[in-house]
Amino acid sequence: MSLLEFTNLSVEFETLNGGFRAVDNVSLTVDPGEVVAIVGESGSGKSVSMLAVMGLLPWTAKVTADRLTFQGRDMLSMRPKEKRKIIGKDISMIFQEPTTSLNPCFTVGYQIIETLKKHTDLSRAERKNRAIELLRLVGIPAPERRVTAFPHQLSGGMNQRVMIAMAIACDPKLLIADEPTTALDVTIQAQILELLIKIKEENDMGLVLITHDMGVVAETADRVIVQYAGQQVEQQDVKGLFRDPHHPYTAALLAALPERATGDQLPSIPGVVPGQFDRPAGCLFSPRCSFVFDRCHKEQPTQAGKELGCALCHTPLVAGKPQNEAA
Amino acid sequence: MLRLILNKIGLLIPTFIGVTIISFLFIRLLPGDPVLLLAGERGITGDRYADLMHQFGFDQPLWRQYLDYLVGILHGDLGTSISTRRPVISEFFTLFPATMELSLCAIFFAVVVGLPAGVIAALYRGKTPDHAVMTTALVGYSMPIFWWGLLLIILFSGILGWTPVSGRISLLYYFPSVTGFMLIDSLLSGQAGAFESAVSHLILPTIVLGTIPLAVIARQTRSAMLEVLDEDYVRTARAKGLAPFRVIGLHALRNALIPVITTIGLQIGVLFAGAILTETIFSWPGIGKWMIDSIFRRDYPAVQGGLLLIAIIVMLVNLLVDVTYGLINPKIRHTR
């Protein structure tokens, strides 16, 4: 049984100018011990879909899905109180900005202990020991002293380790990491990723890694989901994706990697992700696609088969060449 | 932490000197002569006038009078009231408990109602509860105190007859003052009904005096909460699976309180200003009423001494607020 599974998840935000669909029919399964990466530019709805699973979106958001289960339990019909027993215990999440994600008014120890108090039966002394043990586990030196430190007394990297300690406090089955390394120095980034992978392996935990860094994806993920403007445009295992991307957007993302650049200039994808008011009629990627056909501007594409990475494209690429050109 | 407190006390010294100058000059700038007012309608002979002027030291040049005043302060002597012939300090501290009791009740009322109102307004931003709280706050803030007081007296004392019009306690009760706080003294006296009488006398003045601070606190709490509710750490708290009450009441409110505490401290000063009007309306025998009377009598020592003491109390309260601020905000506590 897969750990987390959802199909056709959509999130719509109520705005002054009508609804805005931030996530559009996205599906995902995560198995225990698996690392699934969700990649895409800013505004592609990566974080929103995961926040929807956690139930952390503001009330202006309307979440719909055909199915949303965690360990086989239906999360859609679950009462909020029941859900709060799972959130923070079996599913936990770490965020992009470690320094603002910790409460400045409480010590890091208190913030870890608070989670333990909510979800475990440990005694006061046991909770404190567990907090110190967790800080040691995530590689914080002198944890006995750090446990009484306030977030502003620690560096960004240390704070992210605290966030991780908090997230793994109750041995979660699934950890969602929302751009965990974006706000950190490059040297710290690698350490944090290694730490996440290590914890994942030790606990046979599922890991969803939200990122826009293809380098991070290549190093850590088993499976990759590429999102664009709220839609899922491609889904492949990591080797296949890097060898033969089927959606032009994936291909463009990979081509934009500095390591793959051949000329003097770094390649980039012109334009930006469409927002609420400039959504094109046909394929959402058509204004920026380098393989665009007439049809792409008029008709919305349908998902291709598994062999083509479920690419949401009229003419999925094979070995860099568009298929079904005639059609 | 100790360093923080010492720093703040150091800052109080120039403020203190400034207050002595202003309180000294302010009453002397008002037209009117204390000795003539003291004599009243009967008038006074020239010799007696010069004699009294000399006795009170008002015939000295201003700088000389100011120096005498300062020297007095340094010896803990604020002079003698020229109308009652009693030391200003003892006059002040006989009346002060009444004002303090009223002020404490008013600020308590303002915090207990204003804080939750602000939180509710923030949680229901843009919806009916928010509009209701904000409109009420605006009306409360704009309402002149004397007008508001009279309206309440007309309704609750006049038409409904629920509360007494003035004073601190019904004339039926008499007991010696132990603490100066009527609520405590009436309980200590053990007389049946005394406490209830004291409470019923306090209700209207408390509401009148507490209305403006309440409005300010509600508005400040709302805006602080709105800012804090969007913070990442509130999302983190929810991601832990904590109940909404804990997320809002602990994680969000604790941070939102930091600016609100400052506001409450600043309101203490406003409260003393408001106390002068409130005490006059309700004939509340506190320092507000005493100050007004002293100003009308041009009782120089009483006014300058009273102003100074009020200023010292406001400064001490603000010091207390600064220290609390340090306790509640770890970032300040750990600065150097």
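All of these numbers come straight from a predicted model, not from anything done at the bench.

So, how was this worked out
- Residues numbered from 1 in each chain as written.
- Chains lettered and ligands numbered in written order.
- Predicted model: local features only at pLDDT ≥ 70, side-chain atom pairs only at ≥ 80, totals over all residues.
- Heavy atoms only, no water.
- Helix = DSSP H or I, 4+ residues; strand = E, 2+ residues; numbered from the N terminus.
- Buried < 20%, exposed > 50% of the residue type's maximum accessible area, 1.4 Å probe, protein only.
- Contact = heavy atoms within 4.5 Å.
- Areas by Shrake-Rupley, 256 points an atom, 1.4 Å probe, with all protein chains shown as cover.
- Lys, Arg positive; Asp, Glu negative; His and termini not counted.
- Charge placed at Lys NZ, Arg CZ, Asp CG, Glu CD.
- UniProt positions renumbered as here; feature names shortened; annotations may be inferred.
- pLDDT = per-residue confidence, 0-100.
- Buried area = accessible area lost by both parts, 1.4 Å probe.
- Salt bridge = Lys/Arg side-chain N within 4 Å of Asp/Glu carboxyl O.
- Polar contact = N/O pair within 3.5 Å; in protein donor to acceptor, adjacent residues only side chain to side chain.
- Expected span 1.5 Å × (residues − 1).
- Axes fitted to C-alpha atoms, helices over the stretch in contact; angles between N-to-C directions.
- Left-handed = near helix turned anticlockwise from the far one by under 90°.
- Nonpolar A, V, L, I, M, F, W, Y, C, P; charged D, E, K, R; others polar.

Attention now moves to the overall build of chain A. Counting secondary structure elements, chain A contains 12 helices and 13 strands. Taken along the three principal axes of its C-alpha coordinates, chain A extends 70 × 50 × 40 Å. For chain A, the proportion of its 327 residues judged to be buried stands at 54%. A sequence separation of at least 24 residues applies to 64% of the contacts in chain A between residues at least 6 apart. If you sum the accessible surface of chain A, you get close to 14700 Å²; carbon and sulfur atoms cover 50% of it. For chain A, the separation between the mean place of its 34 positive charges and that of its 38 negative charges on side chains is 8 Å.

In this section: the environment of Met225 of chain B. All names here are of chain B. With respect to the secondary-structure elements, Met225 resides in helix 9 (residues 194–229). Of the residues examined, Met225 reaches a relative accessible area of 0% and is grouped as buried. When neighbours within four sequence positions are excluded, Met225 is seen to be in contact with Val119, Ala122, Ile248, Ala252, Leu253 and Ala256.

Residues and elements named next belong to chain B. In this fold, Phe24 is placed in helix 1 (residues 2–29). Looking at Phe24, the relative accessible area reads 3%, which means it is buried. Sequence-wise, Phe24 and Gln65 are 41 residues apart; in three dimensions their C-alpha atoms are separated by 9.1 Å. Not counting the four nearest positions on each side in its chain, Phe24 is found in contact with Leu62, Gln65, Tyr66, Tyr69 and Gln304.

Residue and element names in this part refer to chain A. A positive phi angle, close to 50 degrees, is found at Gln71, a residue other than glycine. Mapped onto the secondary structure, Gln71 falls in the loop between strand 5 (67–70) and strand 6 (73–74). Of note, the phi angle at Glu179 is positive, near 45 degrees, even though the residue is not glycine. Assignment of secondary structure puts Glu179 in the loop between strand 8 (174–178) and helix 8 (186–203). Judged by relative accessible area, Glu179 falls into the buried class, the value being 6%.

Moving on: the UniProt feature "transmembrane region" (unreviewed entry) in chain B. Residues and elements named next belong to chain B. Within this structure's numbering, the places UniProt gives as "transmembrane region" (unreviewed entry) are residues 9–30, 104–125, 145–165, 198–218, 256–282 and 302–328. Taken end to end, residues 9–30 is 95% helix and 0% strand, and its first and last C-alpha atoms sit 32 Å apart. Measuring from the first to the last C-alpha atom of residues 302–328 gives 38 Å, for a span that is 100% helix and 0% strand.

Interpreting fine coordinate detail is not advised for predicted regions of low pLDDT. Here chain B averages 87 in pLDDT, while 99% of its residues score no lower than 70. Helix 14 (residues 330–333) of chain B is the least confidently modelled element of chain B, averaging 74 in pLDDT, while helix 6 (residues 128–142) of chain B averages 93, the highest of any element.

A few words now on the interface of chain A and chain B. Taken together, the contact between chain A and chain B spans 29 residues of the former and 23 residues of the latter. Taking both sides of the interface into account, the surface hidden between chain A and chain B amounts to around 2300 Å²; carbon and sulfur atoms contribute 57%. Counting across the chain A and chain B interface gives two salt bridges. The salt bridge partner of Lys240 of chain B is Glu114 of chain A, with a shortest N-O separation of 2.7 Å. One can count 15 residue pairs in polar contact (both at pLDDT 80 or more) joining chain A with chain B. Where the side of chain A that touches chain B is concerned, the elements lending two or more residues are helix 1 (46–54), helix 3 (98–101), helix 4 (108–119) and helix 7 (156–167) of chain A. Looking at the side of chain A that touches chain B element by element, the count peaks at six residues for helix 4 of chain A.

Residue and element names in this part refer to chain A. Taking 1.5 Å as the rise per residue, helix 5 (residues 124–137) with 14 residues should run 20 Å; its terminal C-alpha atoms sit 20 Å apart, in good agreement. Restricting attention to buried positions, one finds in helix 5 the residues Arg127, Arg130, Ala131, Ile132, Leu134 and Leu135. On its buried side, helix 5 packs onto helix 4, helix 6 (143–146) and helix 7. A positive backbone phi angle near 80 degrees is found at Gly139, which sits one or two residues after helix 5.

Our focus in this paragraph is the packing of helix 5 (residues 88–123) of chain B against helix 9 of chain B. Residue and element names in this part refer to chain B. Following both chains from N to C, one finds helix 5 and helix 9 inclined at 35 degrees, their axes separated by 5 Å at the closest point. The two elements helix 5 and helix 9 meet at a crossing, and its hand is right-handed. Class assignment of the residues belonging to the contact of helix 5 with helix 9 gives a composition of 25 nonpolar, six polar and two charged.

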